Amino acid sequence: MTAIRIIVDEGLRIALSAVRMAVKNDIIVGALGEHSDYDPEHYAAMARHELHLLTRQNEEYALRVKRMRKELVKSRWTSDLTDDQQHDIIQLRLRRRVHEKLADALKVVAADDDKVARLVQRAQRAASDEVSDAVSSRLITLNIDRRDPDYEELRAARTEVFLHIDFALLKLKHDAESDVSASDY
């Protein structure tokens, strides 16, 4: 495997992780902040949008690096290049190729419905895990000792909080299960 391929593969993993995180955060905000239903189509469109943004960004970087290299190569005619400058020319060419290939790889992912769906499903699972962890932490802080003199007074409020948490968890679990069931067909 060539050095460029290794760099592009690593860049693609990083880019997909960033997209997955953006989708995960949007799922959490949608579920908890906006009380919206989980819509895989909406999140697939968001993932594609993020992929297209990263594609354009890498295309712009490739053009910028190409211009930088061209300027450095032009200076060859006015003076001799140092070893460092020659090395820079090689590195700029490599960077341009990496950005171009990464942009192409991102386009391929954005165009593949199955890859986008898997990305969204992984984001949904991560969102569900994160919410579940936060709920567990919250429940631990709500723990009140029965021997506490205010236990009975606080019991009704705690019960209501538990119901809201249980309903939210059931909804997340139901949304996740119905999405997985739908993707099986």
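None of these values were measured; they are calculated from a predicted model. (Residues numbered from 1 in each chain as written. Predicted model: local features only at pLDDT ≥ 70, side-chain atom pairs only at ≥ 80, totals over all residues. Heavy atoms only, no water.)

Draft legend 1. Representation of the overall build of the protein chain. Counting secondary structure elements, the protein chain contains 5 helices and 0 strands. Along the protein chain, helices (α) and strands (β) appear in the sequence α-α-α-α-α when read from the amino end. The burial tally for the protein chain puts 30% of its 185 residues in the buried class. Total accessible area on the protein chain stands at roughly 12600 Å², and carbon and sulfur atoms take up 54% of it. (Helix = DSSP H or I, 4+ residues; strand = E, 2+ residues; numbered from the N terminus. Buried < 20%, exposed > 50% of the residue type's maximum accessible area, 1.4 Å probe, protein only. Areas by Shrake-Rupley, 256 points an atom, 1.4 Å probe, with all protein chains shown as cover.)

Draft legend 2. The arrangement of the confidence of the model for the protein chain in detail. Of all residues in the protein chain, 76% attain a pLDDT of 70 or more, and the chain-wide mean is 82. Here helix H5 (residues 151-183) is the element of the protein chain with the lowest mean pLDDT, 63, and helix H2 (residues 40-74) is the one with the highest, 93. (pLDDT = per-residue confidence, 0-100.)

Draft legend 3. A look at the packing of H2 against helix H3 (residues 83-111). At a minimum axis distance of 8 Å, the contact between H2 and H3 shows a crossing angle of 160°. In this view, H2 runs roughly antiparallel relative to H3, as classed from their interaxial angle. Of the two possible hands of crossing, H2 and H3 adopt the one that is left-handed. A per-class count over the contact of H2 with H3 returns 15 nonpolar, 5 polar and 11 charged. (Axes fitted to C-alpha atoms, helices over the stretch in contact; angles between N-to-C directions. Parallel < 35°, antiparallel > 145°, perpendicular 65-115°, else oblique. Left-handed = near helix turned anticlockwise from the far one by under 90°. Nonpolar A, V, L, I, M, F, W, Y, C, P; charged D, E, K, R; others polar.)

Draft legend 4. Fine view of the packing of aromatic side chains. All told, the structure shown has 1 aromatic pair when counted by the stated rule. Each ring, one from tyrosine 38 and one from tyrosine 43, has its centre 5.5 Å from the other, and the planes form 20°; the classification is stacked. With a relative accessible area of 14%, tyrosine 38 lands in the buried category. On the accessibility criterion, tyrosine 43 (4% relative accessible area) is buried. (Phe/Tyr/Trp six-rings, centres within 6.5 Å; stacked < 30°, edge-to-face > 60°.)

Draft legend 5. Local environment of the environment of alanine 45. If you trace the backbone, alanine 45 turns up in helix H2. Residues alanine 45 and valine 120, 75 residues apart in the sequence, show an inter-C-alpha distance of 9.7 Å.

Draft legend 6. Examining the nonpolar core more closely. Core analysis: the largest hydrophobic core is formed by 25 residues, its most contacted members being Leu12, Val23, Ile27, Tyr43, Ala47, Leu51 and Val120. Elements that contribute at least two residues to this core include exactly helix H1 (3-33), H2, H3 and helix H4 (113-142). (Core = buried A, V, L, I, M, F, W, Y, C linked by side-chain atoms within 4.5 Å.)

Draft legend 7. A look at the pattern of salt bridges. Inspection of every chain in the model, using the stated rule, returns 6 salt bridges. Between glutamate 59 and lysine 107 there is a salt bridge, with the nearest N and O atoms lying 2.9 Å from each other. Within this pair, whereas glutamate 59 is found in helix H2, its partner lysine 107 is found in helix H3, the two being separated by 48 residues in sequence. Residue classification places glutamate 59 among the partly exposed positions, given a relative accessible area of 30%. In this structure lysine 107 comes out as partly exposed when scored by relative accessible area, which is 38%. Arginine 96 is the partner of glutamate 100 in a salt bridge, and the nearest nitrogen-oxygen pair spans 3.0 Å. (Salt bridge = Lys/Arg side-chain N within 4 Å of Asp/Glu carboxyl O.)

Draft legend 8. Looking closely at the packing of H1 against H2. For the pair H1 and H2, interaxial distance at closest approach is 10 Å and the crossing angle is 145°. You can see that H1 and H2 cross each other, and the crossing is right-handed. Contacts between H1 and H2 involve Ala15, Leu16, Val19, Ala22, Val23, Asp26, Ile27 and Gly30 from the former and His42, Tyr43, Met46, Ala47, Glu50, Leu51 and Leu54 from the latter. For the contact of H1 with H2, the residue count by class is 11 nonpolar, 2 polar and 2 charged. (Contact = heavy atoms within 4.5 Å.)

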